[in-house]
Amino acid sequence: MTSELLTVETVRPWIPPPSPQIMPAEQSEHRSGAVTTVLGFWVYLMSDCLLFAALFATYSVLGREFAGGPTSKELFDLPYVLAETLCLLASSFTYGMVMVALKAGDRGRVLGFLLLTFVLGLGFIGLEVKEFVRMIGEGAGPDRSAFLSAFFTLVGTHGLHVTGGLVWMAVMLVQASLRRFDAVLPIRLTCLSLFWHFLDIIWIGVFTVVYLAGAMS
Amino acid sequence: MNVSATIRPAEPRGGLQSYVTGALLALALTLAPFALVMSGASGTNAVAGIFGLAVIQIVVHMVFFLHLGRSDQRWNLTAFVFTVLIVGILVGGSYWVMYHLDHNMMPMTME
């Protein structure tokens, strides 16, 4: 009883309300399965957090070692980074709207907001790739200095995560349009929501530690 | 009894309100440090300012987007607090060690 209470209570706010046609017994079985999956995914995210912590630590040690090459102040274009940031923040909000629509059981709005989130995420990646191409074209590639190695590793790892999230989101777009809204689809969408919000949180660290602090020095 | 309590329909959890509030706060907390740096602020206080705003924004995202920190999310919160501890040791420790290493490796001045 106590352990049941603990696990069900743990991730309760992320689990959408059950649809009325599901039987209570089946429902509680689904819910505890959902709780385990979502908590497990959360633990994965926390370990991913440690990966980023290592990259942030590396960057904070190497971030000023320009080796006579271009400095962070010369390279970073803050209005451009602000545009990237707002893209990602807007996509985090629209993914929230996916979860609201999911709880309401509104398939049309789930698909619409999922597509909007996908487009915003794609916009973010597009801007980032364009920035990388510009920097490498200017001779500021990852091989130029310790600062640039650390920069491309940290920002690139975040970009790869976002790209992975976009692939996942494309799969969810197909599933959400084809599958019925059973117990499985909400769990997958909930895990993706955690992943997406998590990447936006990592980006707060990136724009503060890398871009803003770098542009100030 | 506890299960019936979990399926109460009228809870405000993860609702529209939470995301709208979170998005507005996050927008303000994003624009403020960018405005600060783009207006040419620099120095220790400005650095402390943007880092402080980043920490506040992370908390805003945690509370309004991830809905962490409610009394019914003990294990997620426990895992998160533990992660914060490890991240603190990793980042703070690296910086501390490397700073002292750098200091000790400074070229000696002539006696």
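The structure reproduced in this document is the subject of the present report. (Residues numbered from 1 in each chain as written. Chains lettered and ligands numbered in written order. Predicted model: local features only at pLDDT ≥ 70, side-chain atom pairs only at ≥ 80, totals over all residues. Heavy atoms only, no water.)

Observations concerning the overall build of chain A
Part 1 of the reasoning: The secondary structure content of chain A amounts to seven helices and zero strands.
Part 2 of the reasoning: Along chain A, helices (α) and strands (β) appear in the sequence α-α-α-α-α-α-α when read from the amino end.
Part 3 of the reasoning: The burial tally for chain A puts 56% of its 217 residues in the buried class.
Part 4 of the reasoning: At a minimum sequence separation of 6, the contacts of chain A that also span at least 24 residues come to 80%.
Part 5 of the reasoning: A total of about 8500 Å² of accessible surface is found on chain A, and carbon and sulfur atoms cover 68% of it. (Helix = DSSP H or I, 4+ residues; strand = E, 2+ residues; numbered from the N terminus. Buried < 20%, exposed > 50% of the residue type's maximum accessible area, 1.4 Å probe, protein only. Contact = heavy atoms within 4.5 Å. Areas by Shrake-Rupley, 256 points an atom, 1.4 Å probe, with all protein chains shown as cover.)

Examining the pattern of salt bridges
Residue and element names in this part refer to chain A.
Part 1 of the reasoning: According to the stated counting rule, one finds one salt bridge over all chains in the structure shown.
Part 2 of the reasoning: Two residues, Glu138 and Arg134, come together in a salt bridge whose shortest N-O distance is 3.3 Å.
Part 3 of the reasoning: Under the relative-accessibility criterion, Glu138 is labelled partly exposed at 49%.
Part 4 of the reasoning: Residue Arg134 is classed as partly exposed on the basis of its relative accessible area, which comes to 31%. (Salt bridge = Lys/Arg side-chain N within 4 Å of Asp/Glu carboxyl O.)

Remarks on the packing of aromatic side chains
The geometry of an aromatic ring pair is captured by two quantities: the separation of the ring centres and the angle between the planes.
Residue and element names in this part refer to chain A.
Part 1 of the reasoning: Across all of its chains, the model carries 19 aromatic pairs over all chains by this definition.
Part 2 of the reasoning: Summarising the aromatic geometry, the rings of Phe41 and Trp168 are spaced 5.5 Å apart at their centres and angled 70° between planes, so their arrangement reads as edge-to-face. Of this pair, Phe41 sits in helix 2 (residues 24–62) while Trp168 sits in helix 6 (residues 146–178), and the two are 127 residues apart along the sequence.
Part 3 of the reasoning: Looking at Trp168, the relative accessible area reads 24%, which means it is partly exposed. (Phe/Tyr/Trp six-rings, centres within 6.5 Å; stacked < 30°, edge-to-face > 60°.)

A look at the nonpolar core
Part 1 of the reasoning: Counting 84 residues, the largest nonpolar core has Trp42, Tyr95, Phe151, Trp203 and Tyr211 of chain A as the members making the most contacts within it.
Part 2 of the reasoning: The set of elements that each furnish at least two residues to this core consists of helix 2, helix 4 (78–104), helix 5 (107–137), helix 6 and helix 7 (184–216) of chain A together with helix 2 (16–38), helix 3 (44–65) and helix 4 (74–104) of chain B.
Part 3 of the reasoning: Residue contacts for Tyr211 of chain A: discarding those within four places in its chain leaves Phe76, Leu78, Val81, Glu131, Phe151, Val155, Trp203 and Val206 of chain A. (Core = buried A, V, L, I, M, F, W, Y, C linked by side-chain atoms within 4.5 Å.)

Focus: the packing of helix 4 of chain A against helix 7 of chain A
All names here are of chain A.
Part 1 of the reasoning: Contact pair helix 4 / helix 7: the axes reach a minimum separation of 10 Å and the direction vectors enclose 160°. Considering their axes alone, helix 4 and helix 7 lie roughly antiparallel with respect to each other. You can see that helix 4 and helix 7 cross each other, and the crossing is left-handed.
Part 2 of the reasoning: Counted by class, the contact of helix 4 with helix 7 contains 17 nonpolar, seven polar and two charged residues. (Axes fitted to C-alpha atoms, helices over the stretch in contact; angles between N-to-C directions. Parallel < 35°, antiparallel > 145°, perpendicular 65-115°, else oblique. Left-handed = near helix turned anticlockwise from the far one by under 90°. Nonpolar A, V, L, I, M, F, W, Y, C, P; charged D, E, K, R; others polar.)

Notes on the packing of helix 4 of chain A against helix 2 of chain B
Part 1 of the reasoning: At a minimum axis separation of 10 Å, helix 4 of chain A and helix 2 of chain B run at an interaxial angle of 175°. Viewed along their axes, helix 4 of chain A and helix 2 of chain B adopt a mutual orientation that is roughly antiparallel. Only Leu16, Tyr19, Val20, Ala23, Ala26, Leu27, Thr30, Leu31, Phe34, Val37 and Met38 of chain B of helix 2 of chain B make contact with helix 4 of chain A, whose side of the interface consists of Leu78, Pro79, Val81, Leu82, Thr85, Leu86, Leu89, Phe93, Gly96, Met97, Met99 and Val100 of chain A.
Part 2 of the reasoning: For the contact of helix 4 of chain A with helix 2 of chain B, the residue count by class is 20 nonpolar, three polar and no charged.

Quick look at a nonpolar patch on the surface
Part 1 of the reasoning: Nonpolar side chains collect at one region of the surface, where Val97, Met98, Leu101 and Met105 of chain B lie side by side and expose about 400 Å² of accessible area between them.
Part 2 of the reasoning: Assignment of secondary structure puts Val97 of chain B in helix 4. (Patch = residues over 30% accessible without salt bridge, like charges linked within 9 Å, V, L, I, M, F, W, Y side chains within 5 Å.)

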